[in-house]
Amino acid sequence: MHRFDYLIVCTHDLAVTLTQRPHHLIEYLARMKKRVTFLHLRHLYEQPGDKGSPYIRKKVKIGGVEVRAISAPFPSPLLNIFRGLCVLLHVLLFDKHRYRVGINQGDPWIGFVFYILRAIGVIERYVYEDLDYNPGGHKNWLFKRITEIAEYYSIKVSDLVICVSLNLLRLRNRWGINRVIYSPNGVHLSLFSRAIKKKAHPPTIIYIGSITEYFGLDIAISVLPSLLKKIPEIRLIIAGSGYYLDELRRIINKYPEIKGHIIFLGRIPHEKIPDLMAESDIGLAIFPPSELMHYACPIKIFEYMAAGLPVITTRGTEAARILKKYNVGLIINYSVENLKEAILKLFMDECLYKRFSTNSLKFSVKHDWNKIFHDEFKEIESLYLEYVLIHKRTVS
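A brief look at the structure comes next. (Residues numbered from 1 in each chain as written. Predicted model: local features only at pLDDT ≥ 70, side-chain atom pairs only at ≥ 80, totals over all residues. Heavy atoms only, no water.)

This part takes up the overall build of the protein chain. Within the protein chain, the regular secondary structure consists of 16 helices and 14 strands. In terms of C-alpha radius of gyration, the protein chain reaches 22 Å, essentially the compact-globule figure of 21 Å for 396 residues. Here the protein chain holds 396 residues, and the buried ones make up 55% of them. Contacts in the protein chain between residues at least 24 apart in sequence constitute 75% of all its contacts with a sequence separation of at least 6. (Helix = DSSP H or I, 4+ residues; strand = E, 2+ residues; numbered from the N terminus. Rg over C-alpha atoms; globule rule 2.2 N^0.38 Å. Buried < 20%, exposed > 50% of the residue type's maximum accessible area, 1.4 Å probe, protein only. Contact = heavy atoms within 4.5 Å.)

Here it is, written out as C-alpha cells:
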C-alpha cells in the first residue's frame with residue numbers, strides 16, 4: 001500500500017482561531033504537493049471567527065492537503081481526554097489511509113492517539129510539534145499538574161520533538177528528551193513586505209492578536225493618558241478578538257480623554273494586516289509575567305519585523321530573547337511607567353528608531369515560513385528515512 005506523507009492533528013478549530021502556524025503549514029504543504037490529511041477539531045459551542053474561511057466547511061481540499069473538521073466536546077480540563085478519543089475514532093473508522101509520519105500540533109491530550117496509531121501501523125513515526133508550555137495556561141494547581149504529566153508522556157513517546165522556542169527546547173532537554181530540534185515561528189514575508197511602504201498617519205502603536213489577559217493590553221491602554229501629554233496625536237490600534245475585551249472597555253471608561261485615541265478593529269483578515277502596519281510605527285508584544293508567555297514564541301514579533309516596525313516586549317520571555325538577538329526593539333519590565341518610557345524613547349530618538357527598523361527588515365528574512373518549514377520537514381524526512389533504513393524497507 002502506498003502511504004500518504006503526513007497525518008497532522010490540530011485540536012483548535014481553524015475557522016475560529018486567528019491565523020496561526022497550522023494555517024501557514026497547510027499552505028506550505030499544499031505548495032510542496034505533499035499528500036496530507038489534516039484534522040482539526042470543531043468544538044460545539046464555538047462560532048467561526050472568519051466567515052470567509054475555507055475551513056468552515058466540514059472537508060476541504062487544498063492542493064494535496066485534505067482538511068477535515070471533527071466535532072468534539074467542550075475543551076474543559078475534565079473533558080480533554082475525549083478530544084483524543086474523537087480523533088482516534090475518526091481515524092480508525094473513517095480514514096483508510098496509512099501514513100509515513102503523524103504530527104501532533106502541540107496537544108498533550110492526544111499523545112496516546114499517536115502512540116496507538118504507531119503501534120498498529122497507521123503511522124510509522126510520531127512527531128510532537130511543541131508549540132506551547134500547556135501547563136502554563138492553568139491557574140488551578142491540580143489541572144496544571146495533570147496537564148504537565150500528560151504533556152511529558154505525549155512528548156516522551158514521540159520520535160522527534162520540534163520546539164518553536166529555545167526556552168521550550170531547554171525545558172525538554174531538562175526532561176531528558178533525546179531528539180529535539182528548534183523550529184521557530186515565522187512570517188509570510190511576501191505578504192508583510194507590503195507594509196514597508198508607509199502611508200501618512202499620526203504616531204501609532206499597534207497590537208495584533210488575541211485579546212486576553214496574557215498580552216498586556218491593560219497597561220497599553222493605561223499608559224495613554226500620560227503619553228497624550230507628550231504626543232497629543234498618538235493612537236493605539238488593537239486588531240483581534242477575545243474574551244478580555246469587556247475588561248479593556250472598563251479600563252477605557254476610567255480615562256475619558258483617551259476614547260478618541262484607541263481604535264478597536266476586531267478580527268481582521270490576515271491578508272489585510274500589512275495595510276494596518278503600513279500606518280503604524282511601533283509593534284506591541286508585552287506580557288505580564290507568566291510561565292505560558294515565558295515559553296511562547298509570538299508570531300506577531302516576526303510580522304512586526306517584516307513590516308519594519310520596532311517592537312516593545314517584556315523581560316523573561318522568548319520574545320525578549322529574539323529582540324536582544326536581532327536588536328529590533330526595547331525590552332522592558334512589565335509596568336505602565338516602563339512602557340511609557342520605551343514608547344517615548346522610540347518616538348523621540350530618530351537614530352534608535354531607524355536602527356531598530358533597519359534590523360527588523362534585515363533579520364525578518366531568516367523567519368520566512370518557507371524557510372522555516374523547509375528546514376523542519378527536512379528533519380522529519382530524515383527521521384523517516386532513518387526508520388526505513390533500520391527496518392530495511394523501500395520507501396514507497
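Next comes the rest of the description.
Membership of the largest hydrophobic core comes to 99 residues, with the highest contact counts inside it found for Ile221, Met277, Ile301, Tyr304, Ile312, Leu339 and Ile343. Once you skip the residues sitting within four places of it in the chain, Leu339 turns out to touch Ile219, Ala220, Val223, Leu284, Ile286, Ile312 and Ile332. Grouped together as the second largest cluster of nonpolar side chains are 32 residues, Ile8, Tyr28, Ile372 and Phe373 included. (Core = buried A, V, L, I, M, F, W, Y, C linked by side-chain atoms within 4.5 Å.)

Bringing the packing of aromatic side chains into the picture now. Each aromatic ring pair is summarised here by two numbers: the centre-to-centre distance and the angle between the ring planes. Going through the model one piece at a time under the given rule, you end up with 12 aromatic pairs. Residues Tyr207 and Phe215 carry aromatic rings whose centres are separated by 6.2 Å and whose planes lie at 45° to one another, so their mutual orientation is tilted. The residues Tyr207 and Phe215 share a single accessibility class, namely buried. Grouping aromatic residues by their ring pairs yields a cluster made of Tyr6, Tyr28, Trp369, Phe373 and Phe377. The ring of Trp175 has Arg172 sitting right over it, with the charged end atom 4.6 Å from the ring centre. (Phe/Tyr/Trp six-rings, centres within 6.5 Å; stacked < 30°, edge-to-face > 60°. Lys NZ or Arg CZ within 6 Å of the ring centre and 35° of its normal.)

Side-chain positions along a regular strand alternate between the two faces of the sheet. Residues Ile282 and Leu284 line one face of strand β12 (residues 282-285) and the alternating positions Gly283 and Ala285 line the opposite face, and both faces are buried. Both strand β9 (residues 204-208) and β12 contribute to a ladder of 2 bridges, which runs parallel. From the neighbouring strand, Ile206 faces β12, where its bridge partner is Gly283. The pairing of β12 with strand β13 (residues 311-314) spans 3 bridges and is classified as parallel. Bridged to Gly283 within β13 is Val311. (Pairing = 2+ DSSP bridges.)

Okay, the side chain of Thr317 next. Within the element layout of this structure, Thr317 appears in the loop between β13 and α13 (318-326). On the basis of relative accessible area, Thr317 is assigned to the buried category, the value being 8%. Polar side-chain contacts of Thr317 include one of 2.8 Å to the backbone oxygen of Thr314. At a separation of 3.0 Å, a polar atom in the side chain of Thr317 contacts the main-chain amide nitrogen of Ala320. Ignoring anything within four residues of it in the chain, the contact list for Thr317 reads Asn167, Phe287, Met293 and His294. (Polar contact = N/O pair within 3.5 Å; in protein donor to acceptor, adjacent residues only side chain to side chain.)

Attention now moves to unusual backbone geometry. A positive phi angle is found at Lys33, which is not glycine, with a value near 60°. Relative to the assigned elements, Lys33 resides in the loop between α1 (21-31) and β2 (36-43). Look at Lys33 and you get exposed, because its relative accessible area is 73%.

Burial runs high along α1: 9 of the 11 residues are buried. Within α1, the full set of buried residues consists of Arg21, Pro22, His23, His24, Leu25, Ile26, Tyr28, Leu29 and Ala30.

Burial within strand β1 (residues 4-10) is extensive, with 6 of its 7 residues counted as buried. In this sheet, strand β5 (residues 99-104) lies alongside β1 in parallel orientation, the contact comprising 5 bridges. What sits directly across from Val9, in β5, is Asn104. Pairing analysis gives 5 bridges linking β1 to β2, with the strands arranged parallel. Looking across to β2, one finds that Tyr6 is bridged to Val36. For the crossover that starts at β1, traverses α1 and ends in the parallel β2, the hand is right-handed. (Right-handed = clockwise from strand over helix to strand, strands pointing away.)

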